[in-house]
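Working through the structure, step by step
What follows is the residue order along each chain.
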Amino acid sequence: MKNGTLIEAKDVITRFGRHTIHEGVSFKISKGEIFGLLGGSGSGKTTLLREMILLQKISEGSITILGTNVTTTSFKMAERLRRQWGVLFQFGALFTSLTILENVSIAMKEYTNLPDWLIEKSALMKLSMVGLPSKVATMYPSELSGGMKKRAALARALALDPKLLFLDEPTSGLDPQSARAFDELIVTLRDTLGITVVMVTHDKETIANVLDRFIILGDKKVLFEGTMASLKETHNEALKNFLS
Ligand SMILES: Nc1ncnc2c1ncn2[C@@H]1O[C@H](COP(=O)(O)OP(=O)(O)OP(=O)(O)O)[C@@H](O)[C@H]1O
Ligand SMILES: [Mg+2]
């Protein structure tokens, strides 16, 4: 892989039974980018995200992440890889019976030998990184607003200081103000931590203001890969109109 390329998908084919979802999908994501997976409903965005994080197998082709071909990797290597990325799912489920602090601490308890006091300190730091006050630490998910829950889930995704962050529709279900605040947070995290972000989104504001580059999936293929500026210059009217 080219230096600076963190993720490369090559000719990915995905089939569910007789149903083909991706028919030769290729793209590259560079270090430090905020990269979008766009496309209509059912175009295979979430599936592609799940394939990148080893929750779903591809049928043919390859996906290489951080220098490892995730499609052929060993179980042990897969375990090591998983610790290098954080994930925020569309319905970013926090464990409802655990406090916010416990939710954020889980991965550190499982994967590190840090003493409890240090895990707590580090979890509190993650909460402050995502803009949550320390008083939420002892609260339960049901006591938080939608926007705060998303932030808490993001803090949990950041627990192991990942190099990569995967987000599926991070602003869906948020009111406009919380959505824009979440957008800003993602950009700040990238700028301060140098983290690479891959997100599925159909939020026009996010697409316009947050993404550095993106692909548009359609007809089982990548219809477009590039920046918003290059999309505006395309002569393909269908693509140009994709955002409106
Ligand atoms: N495990 C599965 N088994 C069978 N079909 C599946 C499976 N997962 C996804 N699909 C199908 O693959 C297609 C793409 O689904 P996917 O969830 O990736 O779309 P999406 O682009 O994320 O859509 P949305 O914008 O609605 O979230 C859909 O037709 C879906 O029914
Ligand atoms: Mg989806």
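Residues numbered from 1 in each chain as written. Chains lettered and ligands numbered in written order. Predicted model: local features only at pLDDT ≥ 70, side-chain atom pairs only at ≥ 80, totals over all residues. Heavy atoms only, no water.

You'll find the chain entered in an unreviewed UniProt entry as ABC transporter related protein, with Sulfurospirillum deleyianum given as the organism.

1. Some points on the layout of surface pockets
In this model, the largest pocket occupies a volume close to 680 Å³. Forming the boundary of the largest pocket are 24 residues, of which Trp85, Val87, Phe89, Ala107 and Arg156 lie nearest the centre. Elements with a contribution of two residues or more to the lining of the largest pocket: helix H2 (75–82), strand S6 (85–88), helix H3 (100–111) and helix H5 (146–157). Examining the composition of the lining of the largest pocket, we find that five residues originate from one element, H3, more than from any other. Considering only residue class, the lining of the largest pocket consists of 16 nonpolar, three polar and five charged. (1 Å grid on protein atoms, 1.4 Å probe; cavity = no way out; pocket = protein on both sides within 12 Å on 5 of 7 lines; lining within 4 Å. Points joined across faces, edges and corners; volume = space filled by probe spheres on them. Helix = DSSP H or I, 4+ residues; strand = E, 2+ residues; numbered from the N terminus. Nonpolar A, V, L, I, M, F, W, Y, C, P; charged D, E, K, R; others polar.)

2. Some remarks on the site of ligand 1
Neighbouring ligand 1 are the residues Phe16, Ile21, Gly40, Ser41, Gly42, Ser43, Gly44, Lys45, Thr46 and Thr47. Lys45 is positioned such that a nitrogen or oxygen atom in its side chain is 2.7 Å from an oxygen atom of ligand 1. Between an oxygen atom of ligand 1 and a side-chain N or O atom of Thr46, the distance comes to 2.8 Å. For ligand 1, whose accessible area on its own is 640 Å², the fraction buried by protein is 57%. For the shell around ligand 1, the element with the highest residue contribution is helix H1 (residues 45–52), accounting for three residues. Of the residues assigned to the shell around ligand 1, the class counts are two nonpolar, seven polar and one charged. (Near = heavy atom within 4 Å. Polar contact = N/O pair within 3.5 Å; in protein donor to acceptor, adjacent residues only side chain to side chain. Areas by Shrake-Rupley, 256 points an atom, 1.4 Å probe, with all protein chains shown as cover.)

3. Remarks on the confidence of the model for the chain
Parts of the prediction with low pLDDT should not have their coordinates interpreted in detail. In this model, the chain carries an average pLDDT of 93, and 97% of its residues clear a pLDDT of 70 or more. Here helix H9 (residues 237–240) is the element of the chain with the lowest mean pLDDT, 78, and strand S2 (residues 19–30) is the one with the highest, 98. (pLDDT = per-residue confidence, 0-100.)

4. Description of the environment of Met148
Relative to the assigned elements, Met148 resides in helix H5. It is 39 Å that separates the C-alpha atoms of Met148 and Gly17, two residues lying 131 residues apart in sequence. Once residues lying within four places of it in the same chain are set aside, the contact partners of Met148 are Leu132 and Val136. (Contact = heavy atoms within 4.5 Å.)

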